[in-house]
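# A look at the structure
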Amino acid sequence: MDLADLQQYCATPGCDFMQMLKRIVQPLIVEALSNMGVEQMPIEKMLQASRELDQGDLALPCFPFAKRLGMAPAEIAEQLAQHVADHPAIGEVSGVNGYLNIRANPTWIVEQLMEFGTQGSHPSPNRSVLIEHTSANPNGPFHVGRARNAILGDTLVRLHRLFGNNVTAEYYVDDMGKQVAVLAWALEHLSAEDVEAQLVGRESVNPTWKGKADHERVRWYQAAQALRQEDTAAEEIEKKIGLMVHASENGDEAVLASFQAAYQPVLEGMLSTLGRLGINFDRFTKESIFVTNGDVERLMERLGTLEINGTADNGAQFLDLGARGLKGKTEFFYRRGDGSSLYATRDIAYHMWKWTQGGDLINVLGEDHKLQAKQVGMTLEELGEKRPEVVFYSFIKLPEGKMSTRRGNVVFMDDLLEEAKEQAAVVVRELRPHYDEEKISAIAEAVGTSAVRFNIIKVSPEKGFTFRWEDALTFEAGSAPFIMYSHTRACSIRKRVQNEVGPIEDILNGDIGTKEHFSDGLITLLRVLAVHQDRVEKAVNDHRPHLFAEHMLHLANAYNAFYRDCHILTDGQVDGFYLWVSELARGIMKDGMEGLGLVAIEEM
RNA sequence: GGGCGUGUAGCACAGCUGGAUAAUGCACCGGCCUCCUAAGCCGGAGAUCGCGGGUUCGAAUCCUGCCACGCCCGCCA
């Protein structure tokens, strides 16, 4: 394969060095099989990455050839191994248990990494993507139950950026409807005394968050929710709130302004919490915009002209999605009997606007939105629009059950982060007694927030998740600090080399190492580095960040093995080749950590 | 009742476009700091892959029936 071929190949999806190896090996195997009398087998599909590293890099099961050749698979594999031609990329070929195992030549991997880095000559995809995530109702502090959306969404944003896509991270602000109306009503009608009287017996505001608007105002929200349950006041309140909701849905600007005055400080409090986790947004879009600018009304009129439109007795309108294959309840209501729109209707208008922004759409939603998302998607298609890609996740629960801001059984993210930092500080103080408090605090903050993110992102989104303090605050192998620690080792080496020997650039000499260099630890690390770009791509294209989290664990683990076997600095002498490997790994670990939102500190 | 999802060692979790001894972490047992940060490394033990059928040379993975758990099935958001 010459460079032109390589570039051609790498322009196609799925490029990484193991795939390049596959590309090299495949024709050699086809030829060898041909010599043995086997033609036209789907070798490309059969040739797979080895499961165990000690088996090699690629494996070909030989069982399907057995019938045709009238030989035992084991024998076929052994003979086939003899027939595969030599190639600089191939280190070793062997037949074991009916499998043809191919091991890459480590020197070849090094050459490829030196020439192309871990990206290969893969061009940047530079796709535009609009990722909408979190979009939590601004009615109280951000709690752990909502954390999965924010962490999953932000990690997708980061990984897309790492991959080279052009991302807009968007928060859809639910600035109308009942939840904000309740908050606005409470702030207008209840005094601080009323609120506290209503909430006796519940935990009071954590003194740490006194003055933080989300923690202060949620009391009003909770008091109002409690009042709505009471027989005496409920009816009157319900009526008032109902009027406010109705006004907001009709685009009443004064009411919408009062809503905004109520929720904006709460939203800002939530965003400062998210900011502490490294989660930021490029744009906020308010739901009410699509009502006030007439998009929603125009949309409803258009929906009314559709073939599958239906009208209820009271004038409410719906689409019969059963005619398009939806099972179960097939009527999808988009207009109430009083003529106003529904949340889903506005969501469709919002999506139509999003499609005009020129990029692919990805939404992160809780599993409770599955049906709604399907209805919205089908309606968009009915209108000739595309449906967005949606990443669903299962809710985070407490061991006691589901979290609810209304009932007050929540773990606030602010409290979790504070606790995580404190626990991390305890560990730092113990392990590094000579660090001063300022340094300890900085490290503890980085470790605490990273650990919280990683704890959530490492499990696949569809899996139910029960929040447990002891899991969230684990700082051992399999956690963020494990990855962070490997990175600090690489940083520490870099620093020592710079201090004791000289500038790194002067020491890197382009050596590809001698035979003695290639210990197990080095080879393990090279192989993980070689598949790095593929792991990024898979996580991005399949929307499965947990796979990348696992890869980063492997990378950190591999770096530790390298660190054990390969000493870079010995008695003031630097091994230039090892230093190059360490520096490559350090850069990849740093990028990867940023992709997961882990803070890449240099000392811990 | 219908739709979707989950069920893998004591706990947590990966693998699910079918392939070798089911990966990883915690907990458990044993070893490693005169040597670049031991938040680490090495070794050991621990699994009828929810249960039953089927397809296949080969099933945790595909099909089917059943069981358990979660979410949804509002002219709420």
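Everything discussed here concerns the structure shown above.
Let us look at the structure shown here. (Residues numbered from 1 in each chain as written. Chains lettered and ligands numbered in written order. Predicted model: local features only at pLDDT ≥ 70, side-chain atom pairs only at ≥ 80, totals over all residues. Heavy atoms only, no water.)

## What to know about the pattern of salt bridges
If charged atoms from side chains of opposite charge come close, those side chains can pair. In this structure the tally under the stated criterion is 32 salt bridges. Linking Glu 445 and Lys 421 is a salt bridge whose minimum nitrogen-to-oxygen distance equals 3.8 Å. Linking Glu 445 in helix H18 (residues 437-457) with Lys 421 in helix H17 (residues 413-431), this pair joins segments that are 24 residues apart in sequence. We classify Lys 421 as partly exposed; its relative accessible area is 23%. (Salt bridge = Lys/Arg side-chain N within 4 Å of Asp/Glu carboxyl O. Helix = DSSP H or I, 4+ residues; strand = E, 2+ residues; numbered from the N terminus. Buried < 20%, exposed > 50% of the residue type's maximum accessible area, 1.4 Å probe, protein only.)

## Side note on the packing of helix H24 (residues 545-565) against helix H25 (residues 576-596)
Contact geometry of H24 with H25 gives a least axis separation of 11 Å together with a crossing angle of 155°. Between H24 and H25, the interaxial angle falls into the category roughly antiparallel. For the crossing formed where H24 meets H25, the hand is left-handed. Judged by residue contacts, Pro 545, Phe 548, Ala 549, Met 552, Leu 555, Tyr 559 and Phe 562 of H24 engage Tyr 578, Val 581, Ser 582, Ala 585, Ile 588, Met 589, Gly 592, Met 593 and Leu 596 from H25. (Axes fitted to C-alpha atoms, helices over the stretch in contact; angles between N-to-C directions. Parallel < 35°, antiparallel > 145°, perpendicular 65-115°, else oblique. Left-handed = near helix turned anticlockwise from the far one by under 90°. Contact = heavy atoms within 4.5 Å.)

## Remarks on the sheet that holds strand S9 (residues 317-320)
The 3 strands lie next to each other as S8-S9-S10, forming an open sheet whose pairing is antiparallel. Two strands close off the open sheet at either side, each with one partner strand: strand S8 (309-311) and strand S10 (331-335). Ignoring strand direction, the axes of neighbouring strands in this sheet form an average angle of 35°. Of the strand pairs in this sheet, S9 and S10 are connected by 4 bridges, and their pairing is antiparallel. If you follow Gln 317 over to S10, its bridge partner there is Arg 335. Docked against the sheet, helix H14 (residues 295-304) engages S8, S9 and S10, running at close to 140° with respect to S10. (Pairing = 2+ DSSP bridges.)

Structural measurements only, silent on function.
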